Amino acid sequence: MPHFHIPLQSGCDEVLQLMRRRYDTALFASKVKKIKEVMPDAFIGVDVIVGTRGETPEYFERAYQFIERLNVTQLHVVSPEEKHQRSQRLLTLSDQKTQAFYARHIGQTMPVLMEKSKAGAPMHGFTENYIRVEVESDDSLDNRVVNVCLGDFNEEMTALKGTILI
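**Student:** Explanation requested: unusual backbone geometry in the structure shown.
**Tutor:** Phi at glutamine 9 takes a positive value of approximately 75 degrees, unusual for a residue other than glycine. If you trace the backbone, glutamine 9 turns up in strand β1 (residues 3–9). With a relative accessible area of 12%, glutamine 9 lands in the buried category. For asparagine 143, which is not glycine, the phi torsion reads 65 degrees and is therefore positive.

In structure tokens:
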């Protein structure tokens, strides 16, 4: 029962380079050709990733055309639902890791580069190690570095509330 399951990832050399793969489409095609020469009835399933960062519509079209010419039996492509679910899990993990990092700095005094705020909105800035800080709006602080005592999280859990020290 000759069966192969091979990770192609993309049928476009530029995308394979973006993904830091150590092969190109020519090598992949030669391996598939060799399998079919030795085992003409072999089932060849191929993993393909779509929507990779940097994949342009032109790159996708090249991949599609390459795969169309490739003598394989089946493509395994992650469904949009599964891709969305996985992305959401990673985004949740990212939020947890960011919040844990921020929490370790609560109570510390750090210099913060303040950014201009929208009218009626709190002012935000960043510490040297990229912790987002929220303070009461004060136009005189725009684009200035000020010392801020870092407090607890804001309501959205996206920044630490700060108290400006003078």
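Having seen it, we continue.
**Student:** Quick question: what am I supposed to make of the sheet that holds strand β3 (residues 74–77) here?
**Tutor:** Think of a sheet as strands paired side by side through backbone hydrogen bonds, with each pair either parallel or antiparallel. A sheet is described by the order of its strands in space; here 3 strands give the open sequence β1-β2-β3, paired in parallel fashion. Because the sheet does not close on itself, it has two edges, and the strands there are β1 and β3. This sheet shows a mean twist of 25 degrees between the axes of neighbouring strands, independent of strand direction. Here helix α2 (residues 25–38) sits on the sheet in contact with β1 and β2 (43–48), set at roughly 170 degrees to β1.

**Student:** Please explain the pairing of β3 as it appears in this structure.
**Tutor:** The side chains of a regular strand alternate between the sheet's two faces. Relative to β3, β2 is paired through 4 bridges, and the arrangement is parallel. Opposite valine 48, over in β3, you have valine 77 as the bridge partner. Taken together, β2, helix α3 (residues 57–69) and β3 constitute a β-α-β crossover, and its handedness is right-handed.

**Student:** Would you take a moment to explain the sheet that holds strand β6 (residues 132–135) for this structure?
**Tutor:** Taken in spatial order, the 5 strands close into a barrel running β4-β5-β6-β8-β7, and their pairing is mixed. Going from strand to strand, the sheet's axes swing by 55 degrees on average, the running direction of each strand aside. In this sheet, β6 lies alongside strand β5 (residues 123–127) in antiparallel orientation, the contact comprising 4 bridges. Bridge pairing links methionine 123 to valine 135 in β6.

**Student:** Just to check I follow, could you spell out a nonpolar patch on the surface for this structure?
**Tutor:** Together, Val50, Phe60, Tyr64, Leu75 and Val77 make up a nonpolar patch on the protein surface, roughly 410 Å² of accessible area in all. Counting only elements with at least two residues in the nonpolar patch, the list comes to α3 and β3. Along the chain, phenylalanine 60 falls in helix α3.

**Student:** Teacher, can you tell me more about the packing of aromatic side chains here?
**Tutor:** The geometry of an aromatic ring pair is captured by the separation of the ring centres together with the interplanar angle, meaning the angle of the planes. Considering all chains together, one arrives at 4 aromatic pairs under this definition. Both rings, one in phenylalanine 60 and one in tyrosine 64, keep their centres 6.4 Å apart while their planes meet at 45 degrees; by these two values the pair is tilted. Here phenylalanine 60 pairs with tyrosine 64, and both are found in helix α3, just 4 residues apart, close to one helical turn. When the ring of tyrosine 102 is compared with that of phenylalanine 153, the centres are 6.4 Å apart and the planes differ by 15 degrees; the resulting orientation is stacked. In this pair, tyrosine 102 sits in helix α4 (residues 80–103) while phenylalanine 153 sits in strand β7 (residues 145–153), placing the two residues 51 residues apart along the sequence. Given a relative accessible area of 8%, tyrosine 102 falls into the buried group.

**Student:** I would appreciate a short explanation of the nonpolar core in the present structure.
**Tutor:** Here is a general trend for soluble globular proteins: nonpolar side chains tend to be buried in one another's company. In this structure, Met114, Val133, Val135, Val148, Leu150 and Leu160 are the most contacted members of the largest nonpolar core, which totals 14 residues. Sorting the residues of this core by element identifies β4 (109–115), β6 and β7 as the ones contributing at least two each. Top element by residues in this core is β7. It accounts for 4 residues. With residues up to four places along the chain from it excluded, the contact list for valine 148 reads Gln108, Thr109, Met110, Val112, Val133, Val135, Gly162, Thr163 and Ile164. Core analysis: the next-biggest nonpolar cluster, separate from the first, contains 13 residues, Ala42, Val46, Phe66 and Ile67 among them.

**Student:** Even after reading the chapter, I still don't get the pattern of salt bridges, so can you show me in this structure?
**Tutor:** Working definition: two side chains of opposite charge can pair if their charged atoms are close together. Per the counting criterion, the structure on display carries 3 salt bridges. Between arginine 62 and glutamate 14 there is a salt bridge whose closest N-O contact spans 2.6 Å. Of this pair, arginine 62 sits in helix α3 while glutamate 14 sits in helix α1 (residues 13–18), and the two are 48 residues apart along the sequence. For arginine 62, a relative accessible area of 32% puts it in the partly exposed group. Put simply, glutamate 82 and arginine 86 hold a salt bridge, and the shortest N to O gap is 2.2 Å. Separated by 4 residues within a single helix, glutamate 82 and arginine 86 lie in helix α4, roughly one turn from each other. Salt bridges here are not isolated pairs; linked through shared partners, they connect Glu14, Glu58 and Arg62.

Criteria and thresholds
Residues numbered from 1 in each chain as written. Predicted model: local features only at pLDDT ≥ 70, side-chain atom pairs only at ≥ 80, totals over all residues. Heavy atoms only, no water. Helix = DSSP H or I, 4+ residues; strand = E, 2+ residues; numbered from the N terminus. Buried < 20%, exposed > 50% of the residue type's maximum accessible area, 1.4 Å probe, protein only. Pairing = 2+ DSSP bridges. Axes fitted to C-alpha atoms, helices over the stretch in contact; angles between N-to-C directions. Contact = heavy atoms within 4.5 Å. Right-handed = clockwise from strand over helix to strand, strands pointing away. Patch = residues over 30% accessible without salt bridge, like charges linked within 9 Å, V, L, I, M, F, W, Y side chains within 5 Å. Areas by Shrake-Rupley, 256 points an atom, 1.4 Å probe, with all protein chains shown as cover. Salt bridge = Lys/Arg side-chain N within 4 Å of Asp/Glu carboxyl O. Phe/Tyr/Trp six-rings, centres within 6.5 Å; stacked < 30°, edge-to-face > 60°. Core = buried A, V, L, I, M, F, W, Y, C linked by side-chain atoms within 4.5 Å.

All we've got here are geometric facts, nothing functional implied.
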